[in-house]
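# Residue-level structure breakdown
Listed here are the chains, written in short residue letters.
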Amino acid sequence: MFLEPTSGDESPVPFTLPFDFAQGKPTYCQETLRHILLGDYGAVTDAIGQLVALGYSDRVAWSDPIPTGRSGEYLAVMTRRRGMRS
């Protein structure tokens, strides 16, 4: 991930974004990660609150807990996307 300088080479490695010269705009690739919380309503909402308190997510990023059809079981989903190098 990080490049170590070779002996005698102290110049920084330039950071470049992928660019589509034909369209004149950057090209981005994204990876998707879904977090799924499954459990009692209180446990699901508490876990969301803990992730928010840790700064990992925003409360609005989570779906409202929805019943799964099993007694007392709820499900909430959050989708995160991050850029990746192509």
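Residues numbered from 1 in each chain as written. Predicted model: local features only at pLDDT ≥ 70, side-chain atom pairs only at ≥ 80, totals over all residues. Heavy atoms only, no water.

## Concerning the overall build of the protein chain
Check the secondary structure of the protein chain and you find one helix and five strands. For the protein chain, the accessible surface area stands at approximately 7,300 Å², while carbon and sulfur atoms represent 55% of it. (Helix = DSSP H or I, 4+ residues; strand = E, 2+ residues; numbered from the N terminus. Areas by Shrake-Rupley, 256 points an atom, 1.4 Å probe, with all protein chains shown as cover.)

## So, the nonpolar core
L37, V44, I48, W62, A76 and M78 form the largest nonpolar core, which has six residues in total. Of all elements in the fold, only helix 1 (41-53) and strand 5 (74-84) reach the threshold of two or more residues within this core. Excluding residues that lie within four positions of it along the chain, V44 makes contacts with L37, L38, G39, P65, Y74 and A76. (Core = buried A, V, L, I, M, F, W, Y, C linked by side-chain atoms within 4.5 Å. Buried < 20%, exposed > 50% of the residue type's maximum accessible area, 1.4 Å probe, protein only. Contact = heavy atoms within 4.5 Å.)

## Quick notes on helix 1
Over its 13 residues, helix 1 extends 18 Å from the first C-alpha to the last, a length consistent with the 18 Å expected when each residue adds 1.5 Å. G55, located one to two residues past helix 1, shows a positive phi value of around 80 degrees. (Expected span 1.5 Å × (residues − 1).)

## Focus on the environment of T79
Here T79 shows up in strand 5. With 17 residues separating them in the primary sequence, T79 and W62 have C-alpha atoms 7.8 Å apart.

## Details of the side chain of E73
Here E73 shows up in the loop between strand 4 (66-67) and strand 5. No salt bridge is formed by the buried E73. Its closest oppositely charged neighbour is R70, at 4.0 Å. At 2.8 Å, the side chain of E73 and the side chain of T68 are in polar contact. Ignoring sequence-local partners within four residues, the contact set of E73 consists of L38, G39, I66, P67 and T68. (Lys, Arg positive; Asp, Glu negative; His and termini not counted. Salt bridge = Lys/Arg side-chain N within 4 Å of Asp/Glu carboxyl O. Polar contact = N/O pair within 3.5 Å; in protein donor to acceptor, adjacent residues only side chain to side chain.)

## A short note on the packing of aromatic side chains
Summed over the entire model, instances satisfying the criterion amount to one aromatic pair. Pairing Y41 with Y74 gives two aromatic rings, centres 5.1 Å apart and planes at 75 degrees, and the pair type is edge-to-face. Taken as a pair, Y41 in helix 1 and Y74 in strand 5 lie far apart in primary sequence, 33 residues in all. Given a relative accessible area of 43%, Y41 falls into the partly exposed group. Given the relative accessible area of 24%, Y74 is considered partly exposed. Over the ring of Y56 we find R80, and its NZ or CZ is 4.3 Å from the ring centre. (Phe/Tyr/Trp six-rings, centres within 6.5 Å; stacked < 30°, edge-to-face > 60°. Lys NZ or Arg CZ within 6 Å of the ring centre and 35° of its normal.)

## Some words on the environment of Y74
On a C-alpha basis, the gap between Y74 and L37 in space is 8.0 Å, while along the polypeptide they are 37 residues apart. Each residue touching Y74, except ones within four places of it in the same chain, is listed here: L37, L38, G39, D40, Y41, V44, P65, I66, P67 and T68.

## Re the side chain of S57
With respect to the helices and strands, the residue S57 is situated in the loop between helix 1 and strand 4. Those residues within four positions of S57 in sequence are excluded, and the remaining contacts are L51, V52, W62 and M78.

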